[in-house]
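The residues making up each chain are set out below.
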Amino acid sequence: TPFRQPAEDGGEDGEITAIVTLHDITAIKRSEQMRADFVANASHELRTPLSTLVGFIETLRGPARDDADARDRFLAIMQEQAGRMSRLVMDLLSLSRIELDEHTHPTGETNVAALVQSVVAMLELKAAARKITIKVQGGEGLPRVQGDEDQLTQVFQNLIDNAIKYGREQTEVVVTLERADAPPMPGATGIRARQVPHGPRIQGIKVSVTDKGDGIARTHLPRLTERFYRVDAARSRALGGTGLGLAIVKHIVNRHRGRLTIDSEVGKGSTFTVHLPAADKAEKAVPQSAPNL
Ligand code: ADP
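Bear in mind that the values here come from a model prediction, so they are computed numbers and not experimental data. (Residues numbered from 1 in each chain as written. Predicted model: local features only at pLDDT ≥ 70, side-chain atom pairs only at ≥ 80, totals over all residues. Heavy atoms only, no water.)

**Regarding the overall build of the protein**
Defined as follows: Strands are runs of DSSP state E lasting at least 2 residues, helices are runs of H or I lasting at least 4, and numbering of each runs from the N terminus. The cut-offs for exposure are 20% and 50% of the maximum accessible area for each residue type, with area from a 1.4 Å probe on protein chains only; residues under the lower value are buried, those over the upper are exposed, and the others partly exposed. Note on contacts: a residue pair qualifies if any of its non-hydrogen atoms lie within 4.5 Å across the two residues.
The helix and strand inventory of the protein stands at six helices and seven strands. The order of helices and strands in the protein, counted from the N terminus, is α-α-β-α-β-β-α-β-β-α-α-β-β. Looking at the protein as a whole, 41% of its 293 residues are labelled buried. The long-range fraction of contacts in the protein, counting pairs at least 24 apart against all pairs at least 6 apart in sequence, stands at 79%.

**Observations regarding the pattern of salt bridges**
To keep it simple, the criterion reads: For this analysis, a salt bridge means a side-chain nitrogen from Lys or Arg found within 4 Å of a carboxyl oxygen belonging to Asp or Glu.
With the rule as written, the count across this model stands at 11 salt bridges. For Asp-101, the salt bridge goes to Arg-255, with nearest N and O atoms at 3.7 Å. Remark: Arg-255 occurs in helix α6 (residues 245–255) and Asp-101 occurs in the loop between α2 (68–100) and β1 (109–110); sequence separation between them is 154 residues. A relative accessible area of 22% places Asp-101 in the partly exposed class. Residues joined in a network through salt bridges with shared partners are Arg-35, Glu-99 and Arg-227.

**Looking at the site of the ligand**
Note the cut-off: Proximity is defined per residue: any heavy atom of the residue falling within 4 Å of a molecule or strand makes that residue near it. Polar contacts, as used here, are pairs of N or O atoms within 3.5 Å; protein pairs need one atom able to donate a hydrogen and one able to accept it. Residues neighboring in sequence count only if both atoms are side-chain atoms. Per-residue and other accessible areas follow the Shrake-Rupley method at a 1.4 Å probe size, with only the shown protein chains counted as cover for residues. Three classes are used: nonpolar for Ala, Val, Leu, Ile, Met, Phe, Trp, Tyr, Cys and Pro, charged for Asp, Glu, Lys and Arg, and polar for all others, with Gly counted as polar.
Close to the ligand lie 18 residues; Asn-162, Tyr-166, Asp-211, Ser-236 and Leu-246 are nearest. Contact distances for the ligand include 2.8 Å between a nitrogen atom and a side-chain N or O atom of Asp-211. A distance of 2.8 Å separates an oxygen atom of the ligand from a polar backbone atom of Leu-246. Starting from 530 Å² of accessible surface for the ligand in isolation, the protein chains cover 96%. Sorting the residues of the shell around the ligand by element identifies α4 (149–166), α6 and β7 (269–277) as the ones contributing at least two each. With three residues, α4 is the single largest residue contributor to the shell around the ligand. For the shell around the ligand, the class distribution of residues is eight nonpolar, seven polar and three charged.

**Topic: the confidence of the model for the protein**
Worth spelling out the cut-off: pLDDT measures how confident the predictor is about each residue, on a scale from 0 to 100.
On average, residues of the protein score 86 in pLDDT, and 81% of them are at 70 or above. Note on residues 187–199: pLDDT is under 50 here. Beyond four places in sequence and across chains, it has 21 contacts. A low-confidence stretch, residues 283–293 (pLDDT under 50), is modelled with 41 contacts involving residues beyond four sequence positions or located in other chains. Predicted as a complex, the structure gets a pTM of 0.82 and an ipTM equal to 0.99.

**Some points on the packing of helix α3 (residues 112–129) against α4**
Convention followed: Axes, fitted as lines to C-alpha atoms, cover a helix only where it is in contact. Angles between the N-to-C directions of the axes lie from 0 to 180 degrees. With respect to orientation, any angle under 35 degrees is reported as roughly parallel, any angle over 145 as roughly antiparallel, any angle of 65 to 115 as roughly perpendicular, and every other angle as oblique. Crossings are classed by handedness, with left-handed meaning an anticlockwise turn of the near helix from the far one by less than a right angle and right-handed meaning a clockwise turn.
It is at 9 Å that the axes of α3 and α4 come closest, and there the two elements cross at 40°. Relative to α4, the element α3 is oriented oblique. In the packing of α3 onto α4, the handedness of the crossing is right-handed. Facing Val-112, Leu-115, Val-116, Val-119, Val-120, Met-122, Leu-123, Lys-126 and Ala-127 of α3, the residues of α4 in contact are Glu-149, Leu-152, Thr-153, Phe-156, Gln-157, Ile-160, Asp-161, Ile-164 and Lys-165. Residues belonging to the contact of α3 with α4 are distributed by class as follows: 12 nonpolar, two polar and four charged.

**Observations regarding unusual backbone geometry**
Positive phi outside glycine occurs at Gln-170, with the angle close to 60°. At Phe-228, a position not held by glycine, the phi torsion is positive, near 70°.

**Some details on the pairing of β7**
Moving residue by residue along a regular strand, the side chains alternate between the two faces of the sheet. Our working rule: DSSP bridges decide pairing: two strands pair if at least two such bridges lie between them.
Most of β7 is tucked away: nine of the nine residues are buried. The side-chain alternation of β7 yields two buried faces, one formed by Gly-269, Thr-271, Thr-273, His-275 and Pro-277 and the other by Ser-270, Phe-272, Val-274 and Leu-276. Here strand β6 (residues 259–265) pairs with β7 via seven bridges, running antiparallel. Bridging across to β7, Arg-259 finds its partner in His-275. What sits between β6 and β7 in their antiparallel hairpin is a turn of three residues, with Gly-267 showing a positive phi close to 85°.

**Looking at the packing of aromatic side chains**
Rules: Any two of the Phe, Tyr and Trp rings considered here, Trp counted by its six-membered ring, make a pair once their centres fall within 6.5 Å; the pair's planes then place it as stacked at under 30 degrees, edge-to-face at over 60, or tilted in between.
Tallied over the entire structure, the rule returns two aromatic pairs. For the ring pair Phe-56 and Phe-74, a centre distance of 4.7 Å and an interplane angle of 55° mean the geometry is tilted. In this pair, Phe-56 is assigned in helix α1 (residues 13–61) and Phe-74 in helix α2, connecting sequence segments 18 residues apart. On the basis of relative accessible area, Phe-56 is assigned to the buried category, the value being 17%. A residue is classified by how much of its surface remains accessible, and Phe-74, at 14% relative accessible area, is buried.

Next comes the structure, spelled out in structure tokens:
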């Protein structure tokens, strides 16, 4: 029959089914393990500032009760720890919301150039505090992107925020907007998506964020978008990071049938590039492979 598998694909249809099932079980086990790790990591991240808060509350109610100096210092630390918990909870909520609608198609057409300008305006003060200037180039006449404005805002907020955090003081962060063909792309998980052999090239845009910072060693790159993966956890925490920013970016970009690429050179800096298909082309874009978790 026309549906019969050729012999070199594994012989009898029954055998092929068995192999597929085994793969599925492995994938389910892996995703269960990742979910368990995620819950453990999230709990740990929340427990640390929480224990600090409880410790300081006890001290303030006990030994430091009448020490005005200590009270001011402790309250400042408590405020910082509460802020850290609040950022973490916000990021966890974002992730879970994104996960819920990851397999739906975003509606609405977004002018990414305007959106990037407003993100830059939002982050200019933070950049100035590190004597960093943000330069935006390109962006005229770009096609609109079919996308969720709030989610795309989060993408560029996280990327530009990272560039400011990890960039060296007194340097420039450059955001470049260009028209580009969005190629049929491998999924962010590394599983190659189906290619459309003779399909039309997908027109889209490309936004890159370049910093002059420490850069990221090659070995870290494949894991950088995993939840809670950090090159230097202590440094990330000191800078107010949650370790979830790039995971959020990856999920949103996947939902928009886009692609995130990272180029980095240790000692020089990094470029994070987001490719997004243009609005009227989004339907024809190649679907992404299933996200991990
Ligand atoms: P975080 O909240 O820790 O910044 P992210 O998910 O945004 O979490 O990023 C994960 C890790 O990737 C960071 O902890 C940092 O080690 C690394 N990283 C992200 N962006 C950059 C950058 N622009 N330059 C150097 N390292 C970066």
